[in-house]
Amino acid sequence: MVKMAEDKRVEVSSLLDQSILSEYEKIEIVLRLYRLLKGATLYERNNILIERLTLDCLQIITPILQREGQLFLKIVRDGIFFNNVRIPIKADRYAIFKNFIQEISQKGIGSIEILNEISAEHLREFIFLLAQADAHKEDNYLYLNQQLAQRGINEVKTDKIEFFKDEYLSMVAKNHKEFAKEVYFKSLNLVREVAEGIKNQKVINIRKAKHLMQSAVNSIMQDESALLALASIKNYDEYTFNHSVNVAIYAIALGQRIGIPKKDLGHLGIAGLFHDIGKLKIPLEILNKKEKLSAEDWGIIRAHPVIGTEIIIQMKEWGELSTRLISATFEHHLKYDLSGYPKLSRKKNLTLFGKIVALADFYDALVRPRVYRKFPYVSEKILGFMLERAGKDFSPALVKVFINMIGIYPLGTLVLLNTNEMGIVWQTQEDPDLIDRPKVCLLYYSGGEYRKGKEVDLREIDPETGHFKRWIVKTLDPNEYNINVAEFLI
Ligand SMILES: [Fe+2]
Ligand SMILES: [Fe+2]
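None of these values were measured; they are calculated from a predicted model.

*Asks:* Could you clarify how one ought to interpret the overall build of the chain in this entry?
*Replies:* Counting secondary structure elements, the chain contains 20 helices and ten strands. Out of the 490 residues belonging to the chain, those deemed buried represent 50%. With an accessible surface of roughly 24800 Å², the chain has 52% of that area assigned to carbon and sulfur atoms.

*Asks:* I tried to follow the pattern of salt bridges on my own but got confused; where do I start?
*Replies:* Opposite charge on two side chains allows them to pair when their charged atoms are near. Counted by the stated rule, this structure contains 21 salt bridges. A salt bridge links arginine 470 to glutamate 421; the nearest nitrogen and oxygen atoms lie 2.8 Å apart. Residue arginine 470 is located in the loop between strand E9 (449-457) and strand E10 (472-476), and its partner glutamate 421 is located in the loop between strand E6 (414-417) and strand E7 (422-427); the two are separated by 49 residues in the primary sequence. You can call arginine 470 buried: its relative accessible area is 11%.

*Asks:* I'm lost on the coordination of the iron ion (ligand 1) in this one. Help?
*Replies:* Four donors placed tetrahedrally about a metal ideally form angles of 109.5 degrees, and six donors placed octahedrally ideally form angles of 90 or 180 degrees. Distances from the iron ion (ligand 1) to its protein donors, Asp276 (OD), His304 (NE2), His332 (NE2) and His333 (NE2), fall at 2.1 to 2.3 Å. Coordination at the iron ion (ligand 1) comes from four donor atoms whose angles at the metal span 84 to 172°, giving a geometry best classed as irregular. The metal-metal distance between the iron ion (ligand 1) and the iron ion (ligand 2) is 3.4 Å, with aspartate 276 serving as a donor to both. With a gap of 57 residues between them, aspartate 276 in the loop between helix H12 (262-273) and helix H13 (284-287) and histidine 333 in the loop between helix H16 (322-331) and helix H17 (352-367) connect regions that are remote in the sequence. Judged on exposure class, the residue aspartate 276 and its partner histidine 333 are both buried.

*Asks:* Quick question: what am I supposed to make of the environment of glycine 423 here?
*Replies:* Relative to the helices and strands, glycine 423 resides in strand E7. The buried category is assigned to glycine 423, whose relative accessible area is 0%. In sequence terms glycine 423 and lysine 454 are 31 residues apart; their C-alpha atoms lie 9.5 Å from each other. For glycine 423, the contacting residues outside a window of four places in its chain are Thr413, Leu414, Val415, Val440, Cys441, Leu442 and Leu443.

*Asks:* How do you make sense of unusual backbone geometry when you look at a structure like this?
*Replies:* As a rule of thumb, non-glycine residues mostly have phi less than zero, and peptide bonds are mostly trans rather than cis. The peptide bond linking tyrosine 341 to proline 342 adopts the cis configuration, its omega dihedral lying at -5°. Turning to its location among the elements, proline 342 is positioned in the loop between H16 and H17. Of note, the phi angle at lysine 335 is positive, near 75°, even though the residue is not glycine. Exposure remark for lysine 335: the relative accessible area of 33% places this residue in the partly exposed category. One non-glycine residue, asparagine 420, lies in the positive phi region at around 70°. Counting through the fold element by element, asparagine 420 comes out in the loop between E6 and E7. The class of asparagine 420 is exposed, set by a relative accessible area of 64%.

*Asks:* Looking at this structure, how should I read the coordination of the iron ion (ligand 2)?
*Replies:* Only His243 (NE2), His275 (NE2), Asp276 (OD) and Asp361 (OD) from the protein reach the iron ion (ligand 2) as donors, at distances of 2.0 to 2.3 Å. Classification of the site at the iron ion (ligand 2) rests on its four donor atoms, whose angles at the metal span 78 to 176°, yielding the label irregular. The sequence pattern formed by the donor residues of the iron ion (ligand 2) is H-x31-H-D-x84-D.

*Asks:* How do you make sense of the pairing of E6 when you look at a structure like this?
*Replies:* Two faces make up the sheet, and in a regular strand the side chains alternate between them. Burial along E6 is two-sided: Leu414 and Leu416 facing one way and Val415 and Leu417 facing the other are all buried. Between E6 and E7, which pair antiparallel one after the other, the connecting turn spans four residues, and asparagine 420 there sits at a positive phi close to 70°. For E6 and E10, the ladder comprises four bridges, and the chain directions are antiparallel. The residue bridging leucine 417 from the neighbouring strand is isoleucine 472, located in E10.

*Asks:* Honestly, the sheet that holds strand E4 (residues 109-114) in this entry has me stumped. Any pointers?
*Replies:* Strand pairing in a sheet is mediated by backbone hydrogen bonds. Such pairs are either parallel or antiparallel. Read across the open sheet, the five strands follow the order E3-E2-E1-E4-E5; overall the sheet is antiparallel. Here the strands that pair on one side only, and so sit at the sheet edges, are strand E3 (85-86) and strand E5 (156-160). Bridging between E4 and E5 involves five bridges; their strand directions are antiparallel. Considered in E5, the bridge of isoleucine 109 is made with lysine 160. Contacts from helix H6 (residues 140-150) reach E4 and E5, with the element oriented near 165° to E5.

*Asks:* Just to check I follow, could you spell out the side chain of histidine 304 for this structure?
*Replies:* Tracing the chain through its elements places histidine 304 in helix H15 (residues 304-314). A polar contact of 3.2 Å, which involves the side chain of histidine 304, links it to the side chain of histidine 333.

*Asks:* Even after reading the chapter, I still don't get the sheet that holds strand E8 (residues 439-446), so can you show me in this structure?
*Replies:* Taken together, the five strands give an open sheet; going across it, the order is E9-E8-E7-E6-E10, and neighbouring strands pair in antiparallel fashion. Each edge of the open sheet carries a strand with a single partner, namely E9 and E10. Averaged over all adjacent pairs, the angle separating strand axes in this sheet is 40°, with direction ignored.

What counts and what doesn't
Residues numbered from 1 in each chain as written. Chains lettered and ligands numbered in written order. Predicted model: local features only at pLDDT ≥ 70, side-chain atom pairs only at ≥ 80, totals over all residues. Heavy atoms only, no water. Helix = DSSP H or I, 4+ residues; strand = E, 2+ residues; numbered from the N terminus. Buried < 20%, exposed > 50% of the residue type's maximum accessible area, 1.4 Å probe, protein only. Areas by Shrake-Rupley, 256 points an atom, 1.4 Å probe, with all protein chains shown as cover. Salt bridge = Lys/Arg side-chain N within 4 Å of Asp/Glu carboxyl O. Donors = N, O, S within 2.8 Å, 3.2 Å for Na, K, Ca; no water. Tetrahedral: all angles 85-135°; square planar, octahedral: opposite > 155°, others 65-115°. Contact = heavy atoms within 4.5 Å. Pairing = 2+ DSSP bridges. Axes fitted to C-alpha atoms, helices over the stretch in contact; angles between N-to-C directions. Polar contact = N/O pair within 3.5 Å; in protein donor to acceptor, adjacent residues only side chain to side chain.

And the structure:
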């Protein structure tokens, strides 16, 4: 008996050993299949680009099929397996992998099996069938297999996605935007409550903070655009509270992209929420001062990371979380090369939490208007600045991932298109190559105000010219047109 079990183990492991996909192959399969799938949603079957994308796929798939006899792609939770080997997701390709998984699993498909060498014609046909399958239809796999059989395509089979209970619950959450809104405004209230609590020396409700940040993590993992859109909304009245929630959102979204495990992402969110907790002890007349700050004022403001750290140390209720909160609070103005504040007497390695919160903090602080700055800086300027300061103020790797996440035209940017239409950036593209072609919600003027028009995808090609239909000419200042971007986004 024991012998048999051992034999079996040997058999399984040698089987796995046989599947040696190179790093290049692992990544290229996903990239090329994703491009073809995307292409199939934009172009006709006989388009020359489709032909090229199909051949690109075959170039990578055929040698694997010749070598291994089959290609079995399976989606398990948020990961992809090829021939039972998990594909590591690298940060710079994160968006594409995530999008690929989402596109396929949304259609109810959990695995694709290619059993023999496949022709270009059959592969193309299969991808078009897959692209045309409706989202949220559980029995798509049956339909697909039937359509494939009817066309005599026997090399490919699909199977349904296996949901795990928690994933399923979040997938069926009806209105994702509503859920994100609830999380955002509840978090805002929580920060307000905590601020009050600290002033009045009351006990803080840690469980509520943990629960809310876990919900924020779920929302971001499902679709980050809803919370990122809320974070991009400018609100003059409650800068401090909004800023805290936004930093938490940017931090979680960035953390997710670099592969921080789910349970730690919740902690990262809490660290984001309370990074500026020390500011509660700084007089409001300094924080809200419209005139230039004096050297003395700056001295007081610069004390907030240390004051914050002291507040957290005194709060026993944080438990195991406390070290992480301390890192983010203490380090968020230190800068990557430690040239910031507080001044250190000894060299120190920054923590990942500290580095992430610093970046999220910097972006949100600049992109949002402050009492002494009437208009926010335009995002492209801030992102450019971040790039310039990478390696000095910020971790270069994190800056790269962050810019991919925000896009050069972040959510809520008012833009002018080549067609003379005006629109608001509605959804950024996951594919970094298409960073300048977001989805835009067009605006039209009627009854004395701008109204929401149709949604357009700037990737769309004009079939007559073969060129893009629309592109962004420049960004516009919403204040000049009396447009409240928030109204359109939420
Ligand atoms: Fe700060
Ligand atoms: Fe801050």
